[in-house]
Amino acid sequence: MALNLNKTELRISAGLPKQFPRDAMVQIAFSGRSNVGKSSLINSLLGRKSLARVSSSPGKTITINFYEVDKALFLVDLPGYGFAKRAPADKAKWSALTDGYFTQNPNIDLLKLVIQLVDSRIGPTADDEMMLSFLREAGIPFLVVATKADKLNATERKKSEELLRSHPDIPADTPIVFYSSLKGEGRADLWRLIADYTGLKL
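To start, this report covers the structure provided alongside it.

The rules behind each value
Residues numbered from 1 in each chain as written. Predicted model: local features only at pLDDT ≥ 70, side-chain atom pairs only at ≥ 80, totals over all residues. Heavy atoms only, no water. Helix = DSSP H or I, 4+ residues; strand = E, 2+ residues; numbered from the N terminus. Rg over C-alpha atoms; globule rule 2.2 N^0.38 Å. Buried < 20%, exposed > 50% of the residue type's maximum accessible area, 1.4 Å probe, protein only. Contact = heavy atoms within 4.5 Å. Phe/Tyr/Trp six-rings, centres within 6.5 Å; stacked < 30°, edge-to-face > 60°. Expected span 1.5 Å × (residues − 1). Salt bridge = Lys/Arg side-chain N within 4 Å of Asp/Glu carboxyl O. Core = buried A, V, L, I, M, F, W, Y, C linked by side-chain atoms within 4.5 Å. Pairing = 2+ DSSP bridges. Axes fitted to C-alpha atoms, helices over the stretch in contact; angles between N-to-C directions.

What follows concerns the overall build of the protein chain. Looking only at helices and strands, one finds five helices and seven strands in the protein chain. Element order for the protein chain, N to C, with α for helix and β for strand: β-β-α-β-β-α-β-α-β-α-β-α. Its C-alpha atoms give the protein chain a radius of gyration of 16 Å, within 12% of the compact-globule value 17 Å for 202 residues. When the backbone C-alpha atoms are referred to their principal axes, the protein chain occupies close to 45 × 45 × 35 Å.

The next point concerns the environment of Val76. The residue Val76 is located in strand S4 (residues 73-77) in this model. Given a relative accessible area of 0%, Val76 falls into the buried group. Expressed as a C-alpha distance, the spacing of Val76 and Arg121, which sit 45 residues apart in the sequence, is 25 Å. Dropping the residues within four chain positions of it, Val76 is found in contact with Gln27, Ile28, Ala29, Phe30, Ile64, Asn65, Phe66 and Tyr101.

Turning to the packing of aromatic side chains, a few remarks are in order. Evaluation of the coordinates by the stated rule reveals seven aromatic pairs. Ring geometry for Phe66 and Phe74: centres 5.7 Å apart, planes at 85°, overall edge-to-face. Phe74 carries the same exposure label as Phe66, and that label is buried. For the ring pair Phe66 and Tyr101, a centre distance of 6.3 Å and an interplane angle of 55° mean the geometry is tilted. Linking Phe66 in strand S3 (residues 64-69) with Tyr101 in helix H2 (residues 88-103), this pair joins segments that are 35 residues apart in sequence. Judged by its relative accessible area of 0%, Phe66 is buried. What makes Tyr101 buried here is its relative accessible area of 0%. Put simply, the rings of Phe20, Phe66, Phe74, Tyr101, Phe102 and Phe134 touch in pairs and so form one group of aromatic residues.

Attention now goes to H2. With 16 residues, H2 extends 22 Å between its outermost C-alpha atoms, agreeing within 8% with the 22 Å of an ideal straight helix rising 1.5 Å per residue. Those residues of H2 that fall on the buried side of the exposure criterion are Trp94, Leu97, Thr98, Gly100, Tyr101 and Phe102.

Attention now moves to the pattern of salt bridges. Overall, the coordinates contain 10 salt bridges when judged by the stated rule. Here Asp119 makes a salt bridge to Arg33, at a shortest N to O gap of 3.5 Å. On the criterion of sequence distance, the pair formed by Asp119 in strand S5 (residues 111-119) and Arg33 in the loop between strand S2 (26-31) and helix H1 (38-46) is long-range, its members being 86 residues apart. Exposure remark for Asp119: the relative accessible area of 2% places this residue in the buried category. Residue Arg33 is classed as buried on the basis of its relative accessible area of 16%.

We now examine the nonpolar core. One recurring pattern in soluble globular proteins: nonpolar side chains tend to sit buried together. Residues Tyr101 and Phe102 are the most contacted members of the largest nonpolar core, which totals 31 residues. Counting residues per element, the ones that place at least two in this core are S3, S4, H2, S5, helix H3 (126-138), strand S6 (142-147) and strand S7 (176-178). In this structure Phe102 touches Leu78, Ile108, Leu111, Val114, Met131, Phe134, Leu135 and Ile140, once residues within four positions along its chain are discounted. In this structure, Ile28, Phe30, Val36 and Leu143 belong to the second largest nonpolar core, which totals 26 residues.

Here the focus is the sheet that holds strand S1 (residues 8-14). The pairing of strands in a sheet comes from backbone hydrogen bonds and takes either a parallel or an antiparallel form. The sheet built from seven strands is open, its strands ordered S1-S3-S4-S2-S5-S6-S7 with mixed pairing. At either margin of the open sheet sits one strand with a lone partner, and together these are S1 and S7. Direction aside, the axes of adjacent strands within the sheet are offset by 20° on average. Judged from the six bridges that link them, S1 and S3 form a sheet pairing that is antiparallel. Following the sheet pairing, Ala14 is matched in S3 by Ile64. Along the sheet face, H3 touches S2, S5 and S6 and points at about 160° away from the line of S5.

Quick look at the structure:
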């Protein structure tokens, strides 16, 4: 039976590893820097307008949000990184919580994929490269979503894709999806990839 995206809810905003759900459900995690468009992408994927809150102050809230989809899948929104104005104590909290997701998650074996978001207009930042390097070294499957694709013209898009395809932290066989939350571009492709990695029917 196909996933019913209408049966989606925010299960918990976890501020501590002990709050992570223990349900034996497949997990897909979303990673990226603050204001790269994670909340907009999650809303777009789920066909919602405001399930995932788009913050006016990027990086303000340090929680991991678990969205339960049809009691079969968790979409896991990791806190955004790289927010320059964040206090050192907040940066330490982000690091501890994100690390806790990968090291203290009771169902880490059910994490099938990390969707790494990169701003298509900028390319991987130093913080993105640290995350990509971690995922590679940890052997965690990941793909790259280039966000805000609607803001690129054809020449800029080709240059952006060439940059991502040739990046040393992105293996040659890594799927790369150009995505526009505004126009819905890339949505069907990304769901197909999620189905491939999880074995779920859409």
